Amino acid sequence: MRNILITTDFNDLSLNACLKFCKFLFKDSDTNYSLLHVSEEVGFFGKLLGQQEVSEDVQRLHFSELQKNIKTLYGLDVTAYIRRGRITGEINNFIRENKIDLLVVGTSNTGLNTIGANTHKLIRTAEIPLMTVAVNIEPKPIRNILLPLELNLSSRQKVPTAIKLAKEYGAKITILIGSWDGIESDQKLHLEYTASKAENFILSKGVECNVVKMPMLAQSKDFADESIKFMNNEANGVDMCIVMGRDITTDFAADPRAQDVVRYAKVPVICVPLKKSGMNAAFL
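Residues numbered from 1 in each chain as written. Predicted model: local features only at pLDDT ≥ 70, side-chain atom pairs only at ≥ 80, totals over all residues. Heavy atoms only, no water.

### Some thoughts on the overall build of the chain
Logical step 1: Scanning the chain for helices and strands turns up nine helices and ten strands.
Logical step 2: With 284 residues in all, the chain has 50% of them scored as buried.
Logical step 3: For the chain, the proportion of contacts with a sequence separation of at least 24, taken over those separated by at least 6, is 81%.
Logical step 4: Here the chain has roughly 14100 Å² of accessible surface; of this, 50% comes from carbon and sulfur atoms. (Helix = DSSP H or I, 4+ residues; strand = E, 2+ residues; numbered from the N terminus. Buried < 20%, exposed > 50% of the residue type's maximum accessible area, 1.4 Å probe, protein only. Contact = heavy atoms within 4.5 Å. Areas by Shrake-Rupley, 256 points an atom, 1.4 Å probe, with all protein chains shown as cover.)

### Details of the side chain of Thr-7
Logical step 1: Inspection of the secondary structure puts Thr-7 in strand β1 (residues 3-7).
Logical step 2: Taking the relative accessible area as the measure of exposure, Thr-7 reaches 15% and is therefore buried.

### Quick look at the pairing of strand β7 (residues 172-177)
Logical step 1: Counting buried positions along β7 gives five out of six residues, so the element sits mostly inside the fold.
Logical step 2: Bridge analysis of strand β6 (residues 144-148) against β7 gives five bridges, and the strand direction is parallel. The residue bridging Leu-146 from the neighbouring strand is Thr-174, located in β7.
Logical step 3: Inspection of the sheet shows β7 paired to strand β8 (residues 209-213) by five bridges, in the parallel sense. (Pairing = 2+ DSSP bridges.)

### Comments concerning the environment of Asn-200
Logical step 1: Relative to the assigned elements, Asn-200 resides in helix α7 (residues 185-204).
Logical step 2: Sequence spacing of Asn-200 and Asn-210 is ten residues, and the spatial spacing of their C-alpha atoms is 9.3 Å.

### Topic: the pattern of salt bridges
Logical step 1: Counted according to the given criterion, the structure contains ten salt bridges.
Logical step 2: Here Lys-68 makes a salt bridge to Glu-65, at a shortest N to O gap of 3.8 Å. Linking Lys-68 with Glu-65, this pair stays in helix α3 (residues 56-74), spanning three residues, or about one helical turn.
Logical step 3: The class for Lys-68 is partly exposed, based on a relative accessible area of 48%.
Logical step 4: The shortest N-O distance in the salt bridge between Arg-83 and Glu-90 comes to 3.4 Å.
Logical step 5: Sharing partners across several salt bridges, the network here consists of Arg-83, Glu-90 and Glu-97. (Salt bridge = Lys/Arg side-chain N within 4 Å of Asp/Glu carboxyl O.)

### Quick word on the confidence of the model for the chain
Logical step 1: Per-chain confidence: the chain averages 80 in pLDDT, with 76% of residues scoring 70 or above.
Logical step 2: Predicted confidence is poor over residues 43-51, with pLDDT under 50, and the contacts of this stretch with residues over four places away or in other chains come to four contacts.
Logical step 3: Across residues 278-284 the pLDDT falls below 50, and counting only partners more than four positions away or on other chains, this stretch makes 33 contacts in the model. (pLDDT = per-residue confidence, 0-100.)

### Here we look at the side chain of Asn-232
Logical step 1: Looking at where Asn-232 falls in the secondary structure, it is placed in helix α8 (residues 222-232).
Logical step 2: Among the polar contacts made by the side chain of Asn-232, one reaches the main-chain amide nitrogen of Lys-266 at a distance of 2.9 Å.
Logical step 3: With sequence-adjacent residues up to four places away left out, Asn-232 is seen in contact with Tyr-264, Ala-265 and Lys-266. (Polar contact = N/O pair within 3.5 Å; in protein donor to acceptor, adjacent residues only side chain to side chain.)

### Observations regarding the packing of aromatic side chains
Logical step 1: The full count for this structure, using the stated rule, is one aromatic pair.
Logical step 2: Considering the side-chain rings of Tyr-81 and Phe-94, the 4.9 Å spacing of their centres and the 65° angle between planes classify their relative orientation as edge-to-face. Remark: Phe-94 occurs in helix α4 (residues 87-98) and Tyr-81 occurs in strand β3 (residues 78-84); sequence separation between them is 13 residues.
Logical step 3: A relative accessible area of 31% places Tyr-81 in the partly exposed class.
Logical step 4: Look at Phe-94 and you get buried, because its relative accessible area is 1%. (Phe/Tyr/Trp six-rings, centres within 6.5 Å; stacked < 30°, edge-to-face > 60°.)

### Digging into helix α6 (residues 159-169)
Logical step 1: Inspection of α6 places Val-159, Thr-161, Ala-162, Ile-163, Leu-165, Ala-166 and Tyr-169 among the buried residues, and these make up the whole buried set.
Logical step 2: Immediately downstream of α6, the backbone of Gly-170 shows phi near 65°, a positive value.

### Comments concerning the nonpolar core
Most often, soluble globular proteins have nonpolar side chains that are buried together.
Logical step 1: Ranked by size, the top nonpolar core spans 49 residues in total, and within it Ile-6, Ile-173 and Ile-175 carry the most contacts.
Logical step 2: Broken down by element, this core gets its largest block of residues, seven residues, from helix α1 (residues 12-25).
Logical step 3: Residues within four places of Ile-173 in sequence aside, it is in contact with Asn-144, Ile-145, Leu-147, Ala-162, Ile-163, Ala-166, Ile-202, Val-207, Glu-208, Cys-209 and Asn-210.
Logical step 4: Grouped together as the second largest cluster of nonpolar side chains are 34 residues, Ile-87, Ile-128, Leu-217 and Val-243 included. (Core = buried A, V, L, I, M, F, W, Y, C linked by side-chain atoms within 4.5 Å.)

Here it is, written out as structure tokens:
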């Protein structure tokens, strides 16, 4: 990863989580870090309600101090940027203009396990891989990357990302599949064939890989819940999970189950946008 963008709304917990993982995961000295804050303009009704805009000079002063603290505490050289406008729109514009490879956002998946509105939108709109990091987890070596696979998904577009990260960290890839009551035998065979083909392709790239079959599930939607349980079970040794984010074939849709993975994850989650290919992409 050469160009990494970290977004911040000045939430210290969220920013701290992002910086800790960046320092831990991306140790390459050639990595460039950008830190972006988008100041959303107070609208007419907001002004009527007494909302005040923070001046750009104050924000830049804050950012200048923040840059120094990040260098002192994390040893990272970040270039800070402030923009004004719609938050997700400006973030996506910045990504296009600066050839960003990875977007990193923090999530406060504590309490009710909610995702911030802007993170929710970015998962649906980002055109590059997006990594979510929960504020309540600590960095650890990436040794096992989970790659869930459903019948109605071609996983080919997220496999290259998994291989790239696995090679970078010396990790293996675990493909997770499941079947449920009522699934046709030919569909089950097709799923197993697809998983086997993905496994062989990953192995051909010099990356260790294995396929794990979930026990019979009551219905297809249970696969999402069981994937989350598998991911968060320490006995399975999962250190990172890769799911599909934006489905460009439907402009900006993302299956809500993918966001459930982000919401409940105890490991970093990489959301990979599906490029236009006519494939049905659903959740995982």
